[in-house]
Amino acid sequence: MQGLQHDTFLGNHIINMYRHCKDTSSAKYAFDDIHRKNVISWTIMISAYAHNGQYELALQLFNDMQKDNVRPDKVTVSTIITACSNISARDQGREIHQMIIDGKLESDVVVESALVNMYVKSNCLEEAQKVFDSMRSRNVVSWTTMILAYAQNNQEKKALNLFEQMEVFGVIPNEFTLVGALSACSRLRSLADGLNVHGKAVYHGYESHIVLGNALIHMYSKFGHWDLGLKVFSKMPMKDVISWTSMLDAYTEEGRTKDTLQLFEEMNWEGIIPDKVTFLSILGACADLLALEQGKRIHASIISRKLHTDQMVGCALIHMYGRCGSVESAREVFDNIQNHNVHTWTSMISVYSQHGLSRDALILFNEMLKEDVKPNEITFVSVLSACSHGGFIAEAFRCFNSLKRVFDITPTAEHYACMVDVLGRAGFLKEAEELLKKMPISGDVVIWRSMLSACVAFNDTQRAKWAAEECIKLQPGYSAPYVMLSNIFVAEDQWEEVARIQRIMDINGVKMQLGKSSIEIKDKIHEFVVDDQAHPQIEQIHAELGTLSKKMEECGYVPMVNTVLHDVEEELKTYMLKYHSERLAIVFGHMMTPSKSTLRIVKNLRMCFDCHCAIKYMSKILEREIIVRDSYCSHHFKDGVCSCLDYW
């Protein structure tokens, strides 16, 4: 470029122009054309490389600058330290730090803050703290860098201590400082500290800022206070996709899946475009509610945004379709994923296992091994579960024994629970007991629940008592073991034992959770409770259920009144069973959907034996497939048979 050789001032401006245009080639051409380069020329060019991610070139030019005997200024030094931190050039960063200590390079609060950031990014927190402690003047950037570093490296108390010190030194936090402090509160699970930080955010006028609002919603959701998160969300004048997704996650984590779907609709009305994380959250809600129709529409949106081949999204879609009982659709999603990993294989194996398609699960597992994909712990949980449902005892032991020997995976409580289920489902209760006593780890509540289910299925009262007592020791507030044990005593007409269990429940403060069942009809979730009187069509539902009950009795159905945990007249017991929530949901679904279409029901508790028996009759009489997802497993009823084969 003619004229630049002797006009350094003009040359510097041209380099800076190209820097802003992100054209480092033209900037370097202009730089090389300047005959008398000054420190500003070198600094702008180094900055051009650094700001465009060409950190190695920035470091090389910095070395050339020193060889040319041009002394870097503070801006040059802070820029090159930032370049070092972005490519983890820790050794060169240390050399620059030493030159600053020796007085060979200039320094100020910006340079020192850059050093702190460099050591933090290199995971050298002790060195970062030393630089921070030696600083004569600390600005909000240096304080924030250290607070975020400690918050993100499992040193939450140090982060909060620094946050308190910062105010003592009279430094006003910015929104990123507050986000770091909130992150520390979340990890510490300290609501009191979180409320304190929230108060300071309000005091300093940051509550309406999007980044801080998102952090507050996330923190409150971790504490289970979705209501406080909703207050923050509602007050935010501007919301981005992260704000909406954080609130969706808060609802989902609290099991408020109906609210999740409603909020997602509002998000669409507001014109907010969902991202990958949003889709993962909403697909989880659809899976929990068996909301297949909404799940299909979300799948269409995912395809339109070309996210359907993403592995994480693919896993979420497979899970959603699997939970909704649409195994074919799950497999179609699986087949359309271009590059499979252990998670996509495991997701599909899990779907087959959940629906009793044990052979398909094992075939896919073998295909996975042929593709040289190493299974993980969760893969083996699904495979062992498939073996259990299929009665493949020898295959289960072969897989279990290969965990450590072949795949270097130490068996977990979940794997032992599967093996107890394998033996228990086959009626080998003695062998299951021996396995429990010999296993090298302490049994958790999942293992003992597996043992209890087996004992109840085979009416082994003594072992059931033993398994139930262990469940109660580990999780005294969980009602299912008490109920299952009570069922055994009711069947044996031991009402004194039933009363004794009730007294233990009262002592432990255990309350029977209200049974609820839901069904999706035309994109709306309808929820029922036992003997529901609130639904606007309840009279029609009761009338239809009465007609269906008569047909069931004509086909041989006999109410299992011995499962009612109340010592009342048999007629009242029959009435109590008849209006369980899942039956109301099924009848409503039958009334509102085309004949022979599949009904999908979600039950929040373990289905009782009588309802399980009744729904088998319903599926045959109504000529429908009925999928009921209870708290234990997915029941796929068809032609009077359930996929669980009456064991769950």
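Rules used throughout
- Residues numbered from 1 in each chain as written.
- Predicted model: local features only at pLDDT ≥ 70, side-chain atom pairs only at ≥ 80, totals over all residues.
- Heavy atoms only, no water.
- Helix = DSSP H or I, 4+ residues; strand = E, 2+ residues; numbered from the N terminus.
- Buried < 20%, exposed > 50% of the residue type's maximum accessible area, 1.4 Å probe, protein only.
- Contact = heavy atoms within 4.5 Å.
- Areas by Shrake-Rupley, 256 points an atom, 1.4 Å probe, with all protein chains shown as cover.
- Lys, Arg positive; Asp, Glu negative; His and termini not counted.
- Charge placed at Lys NZ, Arg CZ, Asp CG, Glu CD.
- Core = buried A, V, L, I, M, F, W, Y, C linked by side-chain atoms within 4.5 Å.
- Axes fitted to C-alpha atoms, helices over the stretch in contact; angles between N-to-C directions.
- Parallel < 35°, antiparallel > 145°, perpendicular 65-115°, else oblique.
- Left-handed = near helix turned anticlockwise from the far one by under 90°.
- Nonpolar A, V, L, I, M, F, W, Y, C, P; charged D, E, K, R; others polar.
- UniProt positions renumbered as here; feature names shortened; annotations may be inferred.
- Salt bridge = Lys/Arg side-chain N within 4 Å of Asp/Glu carboxyl O.
- Pairing = 2+ DSSP bridges.
- pLDDT = per-residue confidence, 0-100.
- Phe/Tyr/Trp six-rings, centres within 6.5 Å; stacked < 30°, edge-to-face > 60°.
- Disulfide = S-S within 2.5 Å.
- Polar contact = N/O pair within 3.5 Å; in protein donor to acceptor, adjacent residues only side chain to side chain.
- Expected span 1.5 Å × (residues − 1).
- Arc of directions from axis to C-beta.

Draft legend 1. Spatial organisation of the overall build of the protein chain. Counting secondary structure elements, the protein chain contains 34 helices and six strands. With the principal axes as the frame, the protein chain shows a C-alpha extent of 105 × 55 × 55 Å. The 648 residues of the protein chain split such that 50% are buried. Look at the contacts in the protein chain between residues 6 or more apart in sequence, and 63% of them connect residues 24 or more apart. Per element, the accessible surface of the protein chain, about 30,600 Å² overall, is 51% carbon and sulfur. One finds the centroid of the 67 positive side-chain charges in the protein chain at a distance of 2 Å from the centroid of its 80 negative side-chain charges.

Draft legend 2. Structural context of the nonpolar core. Among the nonpolar cores identified, the biggest contains 170 residues, and Ile80, Ile81, Ile96, Met320 and Met348 are the most heavily contacted of them. If you tally residues by element for this core, the top one is helix α25 (residues 413-425), at eight residues. Sequence-distant contacts of Met348, that is, excluding residues within four places in its chain, are made with Ile318, Val327, Ala330, Arg331, Phe334 and Leu364. Grouped together as the second largest cluster of nonpolar side chains are 30 residues, Ile538, Leu599, Cys608 and Ala614 included.

Draft legend 3. How the structure looks around the packing of helix α33 (residues 581-592) against helix α34 (residues 609-621). Between α33 and α34, whose axes approach to 10 Å, the crossing angle comes to 15 degrees. As summarised for this structure, α33 and α34 are arranged roughly parallel, according to the angle between their axes. Crossing of α33 against α34: the hand is right-handed. Contacts between α33 and α34 involve Glu582, Arg583 and Ile586 on the former and, on the latter, Asp610, Cys611, Ala614, Ile615 and Met618. Residues of the contact of α33 with α34, tallied by class, amount to five nonpolar, no polar and three charged.

Draft legend 4. Structural view of the UniProt feature "repeat: PPR" (unreviewed entry) in the protein chain. When the UniProt feature table is mapped onto this chain numbering, "repeat: PPR" (unreviewed entry) sits at residues 38-72, 108-138, 139-173, 240-274, 341-375 and 412-446. Helix makes up 74% of residues 108-138 and strand 0%. Its end C-alpha atoms lie 10 Å apart. Along residues 139-173 the backbone is 74% helical and 0% strand, and the end-to-end C-alpha distance reaches 10 Å.

Draft legend 5. View of the pattern of salt bridges. According to the stated counting rule, one finds 22 salt bridges in the structure shown. A salt bridge links Asp408 to Lys404, with the nearest nitrogen and oxygen atoms 3.3 Å apart. With relative accessibility at 45%, the residue Lys404 sits in the partly exposed group. Among the salt bridges present, the one from Asp421 reaches Arg425, with a minimum N-O distance of 3.6 Å. Of the two residues, Asp421 and Arg425 are both situated in helix α25; the distance of four residues between them amounts to about one turn of the helix.

Draft legend 6. Local environment of the pairing of strand β1 (residues 516-521). Most of β1 is tucked away, with five of its six residues classed as buried. Taken together, the six bridges between β1 and strand β2 (residues 524-529) define a ladder with antiparallel strand orientation. Within the sheet, the bridge partner assigned to Ser518 lies in β2 and is Glu527.

Draft legend 7. Main features of the confidence of the model for the protein chain. Averaged over all residues, the pLDDT of the protein chain equals 89, while 96% of them reach at least 70. Mean pLDDT across the elements of the protein chain bottoms out in helix α32 (residues 570-578) (60) and peaks in helix α22 (residues 358-370) (96).

Draft legend 8. Region of interest: the packing of aromatic side chains. Within the structure shown, the criterion is met by 12 aromatic pairs. A ring pair is formed by Trp226 and Tyr251, whose centres lie 5.7 Å apart and whose planes are at 45 degrees; its orientation type is tilted. One end of the pair, Trp226, is in helix α14 (residues 226-235); the other, Tyr251, is in helix α15 (residues 241-253), and 25 residues separate them in sequence. Taken together, a centroid distance of 5.1 Å and an interplanar angle of 75 degrees make the contact between Phe400 and Tyr416 edge-to-face. Of this pair, Phe400 sits in helix α24 (residues 393-407) while Tyr416 sits in helix α25, and the two are 16 residues apart along the sequence. Taken individually, Phe400 and Tyr416 each receive the classification buried, so the pair is uniform in this respect. Among the aromatic residues, ring-to-ring pairing joins Phe132, Trp143 and Phe169 into one connected group.

Draft legend 9. Spatial organisation of the sheet that holds β1. Taken in spatial order, the six strands of this open sheet run β2-β1-β3-β4-β5-β6, and their pairing is mixed. Since the sheet does not close on itself, it has two edges, and those belong to β2 and β6 (641-642), each with one partner. With respect to the sheet, α34 is in contact with β4 (626-629), β5 (634-638) and β6, its orientation differing from that of β5 by roughly 40 degrees.

Draft legend 10. Seen up close, the state of the cysteines. Applying the stated criterion across every chain yields a total of zero disulfides. Note on Cys611: no disulfide assigned, nearest cysteine sulfur contributed by Cys608 at a separation of 3.6 Å. Cys611 gets classed as buried once you look at its relative accessible area, which sits at 0%.

Draft legend 11. Inspection of unusual backbone geometry at higher detail. With a phi angle near 60 degrees, Asn69 is a residue other than glycine that sits in the positive phi range. The topology assignment puts Asn69 in the loop between α4 (55-67) and α5 (74-86). Here Asn69 falls in the exposed class, since its relative accessible area comes to 72%. For Asp531, which is not glycine, the phi dihedral falls at a positive 55 degrees. Following the sequence through the fold, Asp531 ends up in the loop between β2 and α31 (538-554). The partly exposed category is assigned to Asp531, whose relative accessible area is 28%.

Draft legend 12. Quick look at the environment of Glu553. Here Glu553 is to be found in helix α31. Between the C-alpha atoms of Glu553 and Ala614, which are 61 residues apart in sequence, the distance is 9.6 Å.

Draft legend 13. Representation of the side chain of Thr76. Relative to the assigned elements, Thr76 resides in helix α5. A relative accessible area of 0% means that Thr76 is categorised as buried. In this structure the side chain of Thr76 is engaged in a polar contact, spanning 2.6 Å, whose partner is the side chain of Asp73. Excluding anything up to four places from it in sequence, Thr76 contacts Val39, Thr43, Ile46, Phe62 and Met65.

Draft legend 14. Quick peek at α22. Spanning 13 residues, α22 covers 19 Å between terminal C-alpha atoms, matching the ideal 18 Å at 1.5 Å per step. Every buried residue of α22 is listed here: Ser358, Ala361, Leu362, Leu364, Phe365 and Met368. The buried residues of α22 occupy one face: seen down the axis, they fall within an arc of 160 degrees. Residues Arg359 and Lys370 are exposed on α22 and point more than 90 degrees away from its buried face. For α22, the secondary structure elements touched by its buried residues are α20 (327-336), α21 (342-354), α23 (377-390) and α24. Phi turns positive one or two residues past the end of α22, at Asp372, with a value near 60 degrees.

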